[in-house]
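# Structural features, examined
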Amino acid sequence: MTLPNIAGNDRCADCGLEGPTYASYNLGILVCESCAGIHRTLGSHISRVKSLKLDKWDDDNMQVMSKLGNKIVNEKYEQNVPPSYRRPLPKDPHVLREQWIRAKYERQEFMGSAQLQYLRGQKEGYLWKRGKDDKHFQKRRFVLDATENTLKYFNKEEARDPKATLRLDGLNVTIVPDKVGNPNAMQLIFEQDSLTRNLFVYADSGQDLVEWYTAIRSAKLNRLAIAYPGTTMEELCQMITRDFQKEGWLGKTGPRPGDAFRRRWVTLDKKTLMYYEDPMDAFPRGEVYIGNKGFEVVKGFGPGYKDSGYGFVLKTPERSFQFSAESEDDQRDWMAALNDVIRGSCVV
């Protein structure tokens, strides 16, 4: 029997990528190249990695691998994965994959029955928060309390009153290392004065970041389970947090044909298209609700508008929004994402 034919070995044991080409030969699993790199950082006392194609294999290595395999090993190390813990996919940020692997094999968090500290509905600690006006990151104390349905942060150590209180049931959180320029960064999104508000924070370590991320997800999941008792856990998990459908730089012009195209950071979140001057602005310059009836995406530019790159028009009942992508592929991807929302096929 060849190793890829063993149960579960057709995909990476950790991120699910098809066709893994590396093995942790002491654990008995096959993994992809990216996850293999993370396994190598665990130390040989935890995981020993070889390439299926480039390295030599002895009989002892093959014997271990042939007796185990991804299915058997995952049944051991993933016995009690909390529903709120996000299992990484191949294209997820590195920190999610790394901390999943470390939690799984190094800390063995999912093998016991004891409740993990970050799942208890309360968490307190420090995160570096970006200032709305001065744009600098400052260390701030954050307090999560699922019973109160709140996430609070304090500007001063001795402060009794929080600088802000965010309601968990109106809060979304997503991991954004590239946007912030820090591998352990996340974005908190909520509504403030009927506008979308963004907070950007980062943690001192990947473990701390993922524990904050999971603590928020767990608190939200528990509240949703009470609010929707007839809903399956799988459906509830789709509701707790979400990544943006698409983000990136686009040219955008005003409502008049003579208006110049200006570079804007554009974010598609559920049924809302937002545009910013800078990816880390606290508030968008504008928000466009996308519905089904009377909405359309058209390739090219509207009458009277000067061609500028690869254009497309988002038509709404109120007005048409002209955008310009930097490549044909980007134009196609944006149009497809917007059409998914209009047709109602996006995952929200």
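Notes on the structure follow. Fair warning: this is a prediction, and the values are worked out from it, not measured in the lab. (Residues numbered from 1 in each chain as written. Predicted model: local features only at pLDDT ≥ 70, side-chain atom pairs only at ≥ 80, totals over all residues. Heavy atoms only, no water.)

What follows is about the overall build of the chain. If you tally the helices and strands in the chain, you get eight helices and 17 strands. Projected onto its principal axes, the C-alpha coordinates of the chain cover approximately 75 × 55 × 45 Å. The buried share among the 348 residues of the chain stands at 51%. In the structure as shown, the chain presents an accessible area of about 17900 Å², 47% of it carried by carbon and sulfur atoms. (Helix = DSSP H or I, 4+ residues; strand = E, 2+ residues; numbered from the N terminus. Buried < 20%, exposed > 50% of the residue type's maximum accessible area, 1.4 Å probe, protein only. Areas by Shrake-Rupley, 256 points an atom, 1.4 Å probe, with all protein chains shown as cover.)

Here the distance between the centres and the angle between the planes together describe a pair of aromatic rings. In total, this model carries 14 aromatic pairs according to the counting rule given. Look at Trp249 and Trp265: their rings are 5.4 Å apart centre to centre, the planes differ by 80°, and that puts the pair in the edge-to-face class. Separated by 16 residues along the polypeptide, Trp249 in strand β11 (residues 246-252) and Trp265 in strand β12 (residues 262-269) bring together distant segments of the chain. Here Trp265 falls in the buried class, since its relative accessible area comes to 14%. Among the aromatic residues, those joined into a ring-pair cluster are Tyr85, Trp100, Phe110 and Tyr118. Over the ring of Tyr25 we find Lys50, and its NZ or CZ is 5.1 Å from the ring centre. (Phe/Tyr/Trp six-rings, centres within 6.5 Å; stacked < 30°, edge-to-face > 60°. Lys NZ or Arg CZ within 6 Å of the ring centre and 35° of its normal.)

Take the environment of Pro177 next. Counting through the fold element by element, Pro177 comes out in helix α5 (residues 177-180). For Pro177, a relative accessible area of 17% translates into the label buried. The contacts of Pro177, once residues within four sequence positions are left out, are Pro93, Asn182, Pro183 and Ala185. (Contact = heavy atoms within 4.5 Å.)

A few words now on unusual backbone geometry. In this structure, Lys135 takes a positive phi of about 70° despite not being glycine. Inspection of the secondary structure puts Lys135 in the loop between β4 (122-130) and β5 (137-145). Unusually for a residue other than glycine, Asp193 sits at a positive phi of about 55°.

A separate point is the side chain of Arg141. Relative to the assigned elements, Arg141 resides in strand β5. We classify Arg141 as buried; its relative accessible area is 13%.

Within the structure shown, the criterion is met by zero disulfides. Considering cysteine sulfurs only, Cys32 is the nearest to Cys15, which forms no disulfide, with 3.7 Å between them. Using a relative accessible area of 5% as the deciding quantity, one classes Cys15 as buried. (Disulfide = S-S within 2.5 Å.)

The subject of this paragraph is empty space enclosed by the protein. One pass over the structure, following the stated rule, counts three cavities of 30 Å³ or more. Of the volumes computed, that of the largest cavity is approximately 60 Å³. Along its surface, the largest cavity is lined by Lys129, Arg130, Gly131, Lys132, Lys135, Arg197, Asn198, Leu199, Phe200, Met280, Asp281 and Ala282. Mapped onto the lining of the largest cavity, the elements with two or more residues apiece are β4 and β10 (195-202). Of the residues forming the lining of the largest cavity, the biggest block, four residues, is contributed by β10. Grouping the amino acids of the lining of the largest cavity by side-chain chemistry returns four nonpolar, two polar and six charged. (1 Å grid on protein atoms, 1.4 Å probe; cavity = no way out; pocket = protein on both sides within 12 Å on 5 of 7 lines; lining within 4 Å. Points joined across faces, edges and corners; volume = space filled by probe spheres on them. Nonpolar A, V, L, I, M, F, W, Y, C, P; charged D, E, K, R; others polar.)

As a further point, take the sheet that holds strand β16 (residues 310-315). Read across the sheet, seven strands follow the order β14-β13-β12-β11-β17-β16-β15 without closing on themselves; strand pairing throughout is antiparallel. Looking at which strands have only one partner, the edges of the open sheet turn out to be β14 (286-289) and β15 (296-299). Mean inter-strand twist for the sheet, computed between neighbouring axes without regard to direction, equals 35°. The sheet contact formed by β12 and strand β13 (residues 272-276) spans five bridges and is antiparallel. Paired with Thr267 across the strands is Met274, a residue of β13. (Pairing = 2+ DSSP bridges. Axes fitted to C-alpha atoms, helices over the stretch in contact; angles between N-to-C directions.)

Take the pattern of salt bridges next. Evaluated as defined, the whole model comprises 23 salt bridges. With its nearest N and O atoms 2.9 Å apart, the salt bridge here joins Arg285 to Glu277. We note a salt bridge from Arg332 to Asp329, for which the minimum N-O separation is 3.0 Å. One end of the pair is Arg332 and the other is Asp329, both in helix α8 (residues 328-343) and three residues apart, which spans about a single turn. For Arg332, a relative accessible area of 47% translates into the label partly exposed. When its relative accessible area of 45% is taken as the criterion, Asp329 is described as partly exposed. (Salt bridge = Lys/Arg side-chain N within 4 Å of Asp/Glu carboxyl O.)

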